[in-house]
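This is what each chain is made of:
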Amino acid sequence: MIRRYVFGHMIETDTVQVKPAVSEDRIPYFAVDVEKMTFTMPLGPDDRVYGLGENVRGINKRGWIYRSCATDQPYHQEDTLQMYSAHNFLVVEGANRFGLFVDYPGIVTFDIAYTDINTMQIRLSDFNADIYVITGDSILDIVRQFRQMIGQSYIPPRWAMGFGQSRWGYVTESDVRNVVRRYRELGMPLDSVYLDIDYMDHYKDFTVDKERFPDLAKLSAELKEQGIHLVPIIDAAVKLEDGYSVCDEGLEKGYFCTREDGEPFVGAVWPGLSLFPDVLSAEARAWFGNQYRALLDQGIEGFWNDMNEPAIFYTEERLEDTLEKVSEYRGKKLDLQSFWKMMGIWNSMHHSPGTYREFYHNIDGKRVCHETVHNLYGYNMTRAAGEAFGRLSPDKRILLFSRSSCIGMHRYGGTWMGDNRSWWSHLLLNLKMLPSLNMCGFLFTGADIGGFNNDTTEDLVMRWTELGIFTPLMRNHSALRTREQEVYQFTDMDGFRHVLSMRYVLLPYIYSEWVKAALCDEMLFRPLAFDYPEDERAVRIEDQLMLGDGMMIAPVYEQNAVGRMVYLPERMKLFTFHKDGTRDEVVLEKGDHYVPCALTDVIFFVRSNHMIPVSSGGHCVAEVDFDHVQFLTFPDGGSSEYEYYTDDGLTRDVKLDGHITKYRMDAAGAVCTA
Ligand code: GLC
């Protein structure tokens, strides 16, 4: 059951698709303090809190303070408060069980037993929010009700589930051709190459640098013949430059955000001084979305939207002001305290939160300060593209994902987990974010495999790829000036070929489970706590996940480990795929097990009386035979059925009807169509 409580007058976020009637009773569980703008509830010692989408720390979010305030956060670690996205949905499980969605476009703080170890407090920046309280039979039931309320998750084309190679540093067409050549020569699977900002003419959105990429349409067509899609980046900020059509037209029509005095707001991002499309205005949103046509017309079928928190390095005013303040220190004999004070002034210029108070949107003719609707920006940039693709590509699905998001955006695109680091701890963080993001509707998600910032190592890329083969978005991406981390930069080519190939072997299962999860408002990745709520051990497991109906994953995330401890909440069969092409199948009882896992082994577990449809692989998704699948099985004294979903992978005809084949497994493990 969902109850809706209205506080003040919320600025519409368009997140909730089916709004229940407003409840007249008092909001349960929480004490409300209107003056302090807080909702407070005691947490019992055994209460657990799940959700909040993209955030640091555990699957159980208890024990930290999280702020929903979309922020460019390339240095995130355990003490980070706010990430690229703002996902205000959580579930409390314990003495009470309920879900809570704070439908609110501004900044929210979730203090989950941080200030007081026995208290959860939620604080808004102004008291204009719709709060939804959801009760149900189980956590999964609550999540399902929430997801039904916010609408169906985005489903990209099937090729987008293939492996993608990316790097900030592919500067020319020949760089791109080289990546493809190396993968193909080594017999490695690959489905996409990502184009980072250097493909553009001076970082101008929707342009192509003619010297470096003389004929993008030709390149895109040629690569498609090899099964490769090019996926260019689009940044939120539009370069301020006379004669650049997107800038000129947007200025003429008034489609950019404005300052208080009504003049266009200017901030510096990659292109230098830039304007920010007012994607919160329906008209400007439609206009910005239509710009993607310039690339669609050149055969491009996928995009990643970036810098859309929006990231603003500085404004000219703030730069002036900072220079002035800092210059006051010139000639003074600084003690350490004043030195650090000066450094503080200098550093506060970059991504200054104050900047968000300095510009405005035009929402249905009303001028609204950006700060009050801050978290909606990345969502609406992606919505602009998603809505436009509905018009410009009515038959074909287009790949789209975004760095910043807020719940609601899950209907238009996926999200990646931002600029992570080549750290083992970020490999584990990738795993932990998956179920929290799924709760919020983000099913098409993944992290930069190998880590974006910092120099990586071969074993980290290998182990991270072993997790990546299970995540819908599977992309190796790294930053300029870091160690190159395409898999061919390393030593063990057989190992990498084996691990990458396993993705294509598993695709029938992953695609089937993922589309069914999207269509039925289910989670693809679930913490064990959600599937085995009565098992006291399982509810505390933070490094294993259920994947779809029949699988559990437990990747290795520690350097130099050759195995790990795994807790089995029931009898399962362990599958180990070795790089020499052999595989082991071992049935293990409920309980703790040490599971060996050599650096190039792929391991996962299949639940008792379950089956996993697999293919014989391929070098790209187009080569995978989704129609004639084989099964990995664990017959365990019973029979079972599997509803296998498949479709053409490309058109918008994505529905259960007509796309399900039922398979039945008998007690001996023989599988036939039911
Ligand atoms: C941002 C993005 C990153 C990209 C870089 C350059 O940091 O998050 O993925 O490579 O910008 O465009």
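Nothing here was measured: the structure is a model prediction, and the numbers come from that model. (Residues numbered from 1 in each chain as written. Predicted model: local features only at pLDDT ≥ 70, side-chain atom pairs only at ≥ 80, totals over all residues. Heavy atoms only, no water.)

Participant: Before we move on, can you summarise the site of the ligand with the specific residues and values?
Facilitator: In the region of the ligand, 13 residues are neighbours, and Asp196, Asp306, Arg403, Asp419 and His477 sit closest. Within the contact set of the ligand, an oxygen atom lies 2.9 Å away from a side-chain nitrogen or oxygen of Arg403. In this structure, His477 approaches the ligand through a side-chain N or O atom, which is 2.9 Å from an oxygen atom. For the ligand, whose free accessible area comes to 310 Å², the fraction covered by protein is 98%. (Near = heavy atom within 4 Å. Polar contact = N/O pair within 3.5 Å; in protein donor to acceptor, adjacent residues only side chain to side chain. Areas by Shrake-Rupley, 256 points an atom, 1.4 Å probe, with all protein chains shown as cover.)

Participant: Lay out the environment of Asp141 in plain terms, naming residues and giving numbers.
Facilitator: With respect to the element layout, Asp141 can be found in helix α1 (residues 139–150). The class for Asp141 is buried, based on a relative accessible area of 16%. Measuring from C-alpha to C-alpha, the distance between Asp141 and Glu522 comes to 9.1 Å, with 381 residues separating the pair along the chain. In this structure the side chain of Asp141 is engaged in a polar contact, spanning 2.8 Å, whose partner is the backbone nitrogen of Asp137. (Helix = DSSP H or I, 4+ residues; strand = E, 2+ residues; numbered from the N terminus. Buried < 20%, exposed > 50% of the residue type's maximum accessible area, 1.4 Å probe, protein only.)

Participant: I'd like a description of the packing of aromatic side chains, backed by residues and values.
Facilitator: Taken as a whole and assessed by the stated rule, the structure comprises 47 aromatic pairs. Judged by centre distance (6.0 Å) and plane angle (80 degrees), the rings of Tyr194 and Trp304 are edge-to-face. One end of the pair, Tyr194, is in strand β12 (residues 192–195); the other, Trp304, is in strand β17 (residues 302–306), and 110 residues separate them in sequence. Taking the centre distance of 5.6 Å and the plane angle of 65 degrees together, the rings of Tyr511 and Trp514 count as edge-to-face. With Tyr511 and Trp514 both in helix α12 (residues 493–519), this residue pair falls three residues apart, about one helical turn. Both residues of the pair, Tyr511 and Trp514, count as buried. Put simply, the rings of Tyr154, Tyr194, Trp304, Phe401, Trp416, Phe444, Tyr511, Trp514, Phe626 and Tyr645 touch in pairs and so form one group of aromatic residues. The positively charged end of Arg57 is found above the aromatic ring belonging to Trp64, 4.0 Å away from the centroid. Over the ring of Tyr329 we find Lys332; its NZ or CZ atom is 6.0 Å from the centre of that ring. (Phe/Tyr/Trp six-rings, centres within 6.5 Å; stacked < 30°, edge-to-face > 60°. Lys NZ or Arg CZ within 6 Å of the ring centre and 35° of its normal.)

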